[in-house]
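Structural description and commentary
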Amino acid sequence: MLEIAGLVVNYGLVRALHGVSLRVGDGQAVCVIGSNGAGKTTLLRTISGFLAPVAGSITLHGSSIVGLRPHQIARLRVAHVPEGRHVFPDQSVHDNLLLGAFSRRRSRAEIDDDCESVFELFPRLKDRRGQLAGTLSGGEQQMLAIGRALMLKPAMMMLDEPSMGLAPLLIEEVFRRLLELKRRGITMLLVEQLAYRALEVADYAFVIEHGRIELQGPAAELQRDPRVRAAYLGNAAPPPSS
Amino acid sequence: MADLIQLILSGVALGMIYALLAFGYSITFSTSRTINFAQGEFLMLGALTGLTVDARLHLGYVMAVAAAAGVGALLGVVLERVAIRPALRTGSTVAWVLATVALGIVARNAAERIWGTDDSSFPAPLGSEPMHLGPVRVLPQEVLIIGVAALIMIVVEVFRRRSIWGKAVTAVAADNEAAALAGINVPVTITASFVISSAIAAVSGVLVAPLTLAGPTMGTLLGTKAYAVAIVGGLQSGIGVIVGGLLIGLCEQFTARYISTGYKDTPGFILLILILLIKPAGIFGKRSIKKV
Amino acid sequence: MARPRIVLPLLAVACCFVPLLTGNEYYVHSVLSKVCVYTIVIAGLDLVVGYSGDVSVGHAGLFAAGAYTTAILMWKLHLPFPLAALAGIAIGALFGLLLGVPALRLSGPYLAVATIAFGLIVQTFVNEAVSLTNGSQGIRDIPPLRYGPIDFEGNHFYYLVYPLMVLSLLAVHRLAVSYWGRAFAALKENAVAAECSGISRYRYKLGAFILSAAFAGLGGALFVHIDKYIGPPTFSEQLSILFLIALIFGGVRSIAGNIIGTFLVIVLPDVFNAVADYQLMIFGGLLLFTLYFVPQGIAGVLQAATRWMLRGRAGLRGLSLPHREPMPAGDARLAGPGDGAPAAAGGNGVDAIATRTLAGLDPAGRGAGLLTTHDLTIAFGGLVAVNKLNLEIRAGQVHALIGPNGSGKSTTVNLLSGIYRPTGGSIRFAGRDLERASPHLISRLGVARTFQNVALFGEMTVLENVLVGLHHTFKGGLLPVLLGTRRARREEREARRRAQALLAFVGLGALGAERARSLPYGKQRLLEIARALAQDPAVILLDEPAAGLTSGEIAAVDALIDTLRARGIGILLIEHHMDLVMAVSDEVTVLDFGQRIARGKPEEVQRDERVISAYLGTTVHQGAAAADA
């Protein structure tokens, strides 16, 4: 579905991505993991059209999306749940969801149905449907952001660090939902700092370090690979022999 | 007592005009973080357009309002394209302040060329005889202003809160990247906010003209006082704008009556500077924390 | 190049004699004198708009303050002009203070509106306070400027205003190329970085405003004598806008620009007499055109044209029109060793590093706590970003602060540097509590920092960036700068010497004259460190200094940190490059959700289960994490 080849992106004066290539197949859940500053957010922002690549290609269903504006890419049903959630704080939960469906040709009934299925997935949001989104807790906002993205009826969903700023129990809950979404067959590109969490959800994984893909493979294999940990915490001395 | 009520009513009417203009400011400020320093001139152009349609072409007051709204909408597009968008690209505040000021200057000169430099009187649609509500005498135009202004602001607010496009505008104002990710065309939304703001300004011109005179210089002071209203009330708050408008309108009328007409504008400006000293976000404004 | 330095003053003196060429009273007096008087105002306005970057649409009010003060004192009290003019300047400055204090707390549109309101208040007052100002009639009976044999009436008025204009332009120029000018430029480009380098935003912006008002007051005082009449209609918002137009047309931050812009704005209406009815429209259109297509103004265009014409003629600096650029550091004597590894300790400036630590802050020697926090907490609304953090930065030691994204590291640095105010707990440094201290005070006390996204002053040269860090060494004040005293020049020379030595220390010795934004990223980071060192800190907070660097550049940073540590400076290092952290730190604190979850030696922390879990998330495959072999 999504194919990226040789992507080179500058962030100001710094080269953030040095020729990144990856693929997300239909129905696949792919994760991109790596430590902070590795280039993960830059990657998603480039796909979404906020940054222009210096070189390389991004194709969706075979056609290039480089140069399209963010709202145009969203209208191609690529949903992006941004880092830090970015719900609309002064509008209600329900309004946030309605806005997620803004670009779809829709009937009122259809939209309401979609809202209901989001509430089914996130019962906590249903209880708070009239509440202003800015007053929700971090975890609830994350679920709202995902729900808003789902209202786009996306062909592909990209999530940028859904765990950020969330307490461990809430991270647990959010990732359970992501597993549910994967079960429903939604194509996902998940960018995460918490490598092991991401590897539990994904089918395939890319490890990015300093703007380059250093490692890739089926998630199950990478879960056992010590190089993943080294990418975050540096090369540790071997533990004292026991 | 009747005297007092009359004074209050005319203060409220004047305040509603200020509130309308300030309402326009808050719309564009929320979506683009800019204020139109030519808003007063847009009011003036609306008034003069209305004058032509009503007094010269004899098409009636309602047509005058409609024509003014149309002209205002057009001006909004021109403003956004010629003054705001290029200025925002340069990134400096000086740029859009001066650009909108420049547009105002051009507008005023154009008005002088088209309609002449003299002020004309604008026929009051409901007659210029004061109405009698009990012991109180009030000009029908003042009542009309209060009613129409309230109506406009209510309609726009309802639209903003209820319709999906209105919600989209609020979303753009809050977070334009997240709005784009939801598929909202942000640049078009910003242009739309300028269209609405300018149309409202033009219509206020047609509303206020029968009370004073219509001429190329009528808008400047009104536009300036409306900034004071917007800032005192809170640049991003609908209620704030109305409260600010009423406050300053009343201040003005009372000062004119009990102190001196010359100084009538001063309390409003002093109030402005006080608010800037104490709570720059305005009475109903929200503080925001800037993250580094 | 001696040539331009003689030509320009000669030109300036020559222009003094222009009236002798033309006996025509109208032309000389009316136009030239008016140009001189207005240029004084515009030069002052340039300080606020061009240098400080603030919009003032109320300078007509300050102009009016000076004019009316002078007129009233001369007309009613028959004071001689010099006294009345001084009063005009003083009142103008006072009004500048009254307006500046509230207005400068704001930015952008709020400031603009405040100045408009001010202008209107002044105009109203002038119109209404009839007993003082004669109201709408204006003041007519201005005594002549004749003192015995000296006569400044008519044509001779030019001989008074022209030198004053030259002096005003010179004063603004002196200011612009001094540490004041650098402070303005720094505040305009990145106010936060400027504050953290020791410059008080409020004080300097207010200073610019008051000075600007003083110039406007002087202009007003002189304006009185042009037509021998002043009245309220003159001092309208339109005049304020006219001032701005003259400034922008001519070109900000340029002596020639100030003169040319004023000249055009005064002369064009006469030239365009045929189209006088469209004059405003033309002005408006020209203003828009200038803003978008010629932002550097006419002076900028002329300068570019001059450069283009003189291209290829090596060595001929040419008569490029005076532009108030601070002097480039092209003096060969100040060039340091070639860039590369940091220079060995040598040269005056380098010994100046860590004087604070060595001198007295740390009598107990290496290891004593310099900057400590106790239960430091900050909450944004409901979110607790930093929770009861206890941290100790010691002299001569590197303390690393690590943790996953969003764990509160940058927030902590912002707390320590005064950008955020804690909601709980305390910060102590050198026996003082810093919780309420402003960033520029913290810098002055001896805590310097770098920024995660390099916060340089890109438009200034490399040397000037370091000079901003040396702001605290300029003790002379405003007057020495304006007068160009020996002390002021000495301070500038000393600072440049120290700056050059600091550049050599970090390995940028040969790059002093380059524009900071043109440096490659790695060198930009080194420059930021040099600027931090210029503040003579006892403690440095390094926020992700290795981000975006190649391994060679990281090695240079590593070496630099080692050298600083050896000199007894305490360092707080925020980093994600674990290899650098492990190599260089004495102690590591790990944050997660704003709380400390681990502390200790680098190797211990690296193996700590909680740390691994915080970074990577808990894993079902615990065995995998242990399979390090």
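Residues numbered from 1 in each chain as written. Chains lettered and ligands numbered in written order. Predicted model: local features only at pLDDT ≥ 70, side-chain atom pairs only at ≥ 80, totals over all residues.

1. Looking at the environment of Y25 of chain B
Residues and elements named next belong to chain B. As for its placement among the helices and strands, Y25 is situated in helix 1 (residues 2–32). Separated by 115 residues in sequence, Y25 and P140 place their C-alpha atoms 27 Å apart. Once residues within four sequence positions are removed from consideration, Y25 is found in contact with I35, N36, Q39, A226, Y227, A230 and L235. (Helix = DSSP H or I, 4+ residues; strand = E, 2+ residues; numbered from the N terminus. Contact = placed C-beta atoms within 7 Å.)

2. Quick look at the domain arrangement of chain C
All names here are of chain C. Taken domain by domain, chain C comprises domain 1 (2–303) and domain 2 (348–617). On a C-alpha basis, the centres of domain 1 and domain 2 stand 42 Å from each other. In this complex, domain 1 contributes 21 residues to the contact, which on the side of domain 2 involves 26 residues. Residue assignment for the side of domain 1 that touches domain 2 shows that the elements contributing at least two residues are helix 8 (157–176), helix 9 (179–189) and helix 10 (191–196). Ranked by the residues each element gives to the side of domain 1 that touches domain 2, the list is headed by helix 9, at seven residues. A breakdown of the residues in the side of domain 1 that touches domain 2 according to their chemical character gives 12 nonpolar, five polar and four charged. (Domains from an automatic or database assignment. Nonpolar A, V, L, I, M, F, W, Y, C, P; charged D, E, K, R; others polar.)

3. Section: the environment of D127 of chain A
All names here are of chain A. Examined against the element boundaries, D127 turns out to sit in helix 5 (residues 123–127). D127 sits in the exposed class, given 12 other C-beta atoms within 10 Å. In this structure the C-alpha to C-alpha distance between D127 and E173, which are 46 residues apart in sequence, comes to 17 Å. (Buried ≥ 20, exposed ≤ 12 C-beta atoms within 10 Å, placed from the backbone.)

4. Quick notes on the sheet that holds strand 4 (residues 55–60) of chain A
Residue and element names in this part refer to chain A. Ordered by their spatial adjacency, four strands build an open sheet running 2-1-4-5, and the pairing between neighbours is antiparallel. Looking at strand neighbours, the two that pair on one side only are strand 2 (14–24) and strand 5 (63–64), the edges of this open sheet. Bridge analysis of strand 4 against strand 5 gives two bridges, and the strand direction is antiparallel. Along strand 5, the bridge assignment pairs L60 with S63. (Pairing = 2+ DSSP bridges.)

5. So, the interface of chain B and chain A
Each partner contributes residues to the interface: chain B has 16 residues there, and chain A has 21 residues. Examining the composition of the side of chain B that touches chain A, we find that six residues originate from one element, helix 6 (residues 164–174) of chain B, more than from any other. Its residues assigned to classes, the side of chain B that touches chain A shows 10 nonpolar, three polar and three charged.

6. Some thoughts on the interface of chain B and chain C
If you look at the interface, chain B gives 36 residues, while chain C gives 38 residues. Elements represented by at least two residues in the side of chain B that touches chain C include exactly helix 3 (61–90), helix 4 (93–115), helix 9 (218–233) and helix 11 (266–278) of chain B. Sorting elements by how many residues they give to the side of chain B that touches chain C places helix 4 of chain B first, with 15 residues. Here the residues of the side of chain B that touches chain C are counted per class, giving 26 nonpolar, seven polar and three charged.

7. Looking at the sheet that holds strand 9 (residues 539–543) of chain C
All names here are of chain C. With mixed pairing, six strands are arranged side by side in an open sheet as 8-9-10-5-11-12. Bordering the open sheet on either side are strand 8 (447–449) and strand 12 (595–600), each of which pairs with just one other strand. Along the sheet, successive strands turn relative to each other by an average axial angle of 20°, direction set aside. Sheet topology note: the strand 9/strand 10 (residues 570–574) ladder contains five bridges and is parallel. Across the sheet, residue V539 finds its bridge partner in strand 10, namely G570. Relative to the sheet, helix 18 (residues 409–416) contacts strand 5 (398–402), strand 8, strand 9, strand 10 and strand 11 (587–592), its axis offset from that of strand 9 by approximately 150°. (Axes fitted to C-alpha atoms, helices over the stretch in contact; angles between N-to-C directions.)

8. Notes on the confidence of the model for chain C
Residue and element names in this part refer to chain C. In the predicted model, chain C carries a mean pLDDT of 83, and 85% of its residues have values of at least 70. Every residue in residues 326–349 scores below 50 in pLDDT, and together they form 59 contacts with partners more than four places removed in sequence or on other chains. A low-confidence stretch, residues 620–629 (pLDDT under 50), is modelled with 14 contacts involving residues beyond four sequence positions or located in other chains. Model confidence for the complex: the whole-complex pTM is 0.84, and ipTM, which rates the interface, is 0.88. (pLDDT = per-residue confidence, 0-100.)

9. Observations concerning the pairing of strand 10 of chain C
All names here are of chain C. Of all five residues making up strand 10, five are buried, and the element is well covered by its neighbours. Burial along strand 10 is two-sided: G570, L572 and I574 facing one way and I571 and L573 facing the other are all buried. Sheet topology note: the strand 5/strand 10 ladder contains four bridges and is parallel. Across the sheet, the residue bridging to L401 is I574, located in strand 10. Where the polypeptide runs from strand 9 across helix 24 (residues 551–566) and back to strand 10, its parallel neighbour, the crossover connection is right-handed. (Right-handed = clockwise from strand over helix to strand, strands pointing away.)

10. Here's the deal with helix 4 (residues 59–76) of chain C
Residue and element names in this part refer to chain C. Between its terminal C-alpha atoms helix 4 stretches 25 Å, which fits the 26 Å expected from 18 residues at 1.5 Å a residue. Across the 18 residues of helix 4, 16 count as buried, placing the element largely inside the fold. Backbone geometry just after helix 4 places H78 at a positive phi near 55°. (Expected span 1.5 Å × (residues − 1).)

11. Remarks on the packing of helix 4 of chain C against helix 6 (residues 108–128) of chain C
Residue and element names in this part refer to chain C. Where helix 4 meets helix 6, the axes come as close as 8 Å, and the angle between the chain directions of the two elements is 35°. Across the interface between the two elements, A60, G61, A64, A65 and Y68 from helix 4 touch F118, G119, V122, Q123 and V126 from helix 6. For the contact of helix 4 with helix 6, the residue count by class is seven nonpolar, three polar and no charged.

12. Considerations on helix 14 (residues 279–293) of chain C
Since the α-helix turns once every 3.6 residues, residues separated by three or four places project in the same direction. Taking 1.5 Å per residue as the helical rise, helix 14 of chain C with its 15 residues ought to reach 21 Å, and the 21 Å between its terminal C-alpha atoms agrees with that figure. L280, F283, G284, L287, L288, T290 and L291 of chain C are the residues of helix 14 of chain C that are buried. Viewed end-on, helix 14 of chain C has its buried residues packed into an arc of 165°, placing them on one side of the element. Projecting away from the buried face of helix 14 of chain C at angles above 90 degrees are the exposed residues F289 and F293 of chain C. Packed against the buried residues of helix 14 of chain C are helix 3 and helix 4 of chain B together with helix 12 (237–250) and helix 15 (297–309) of chain C. (Arc of directions from axis to C-beta.)

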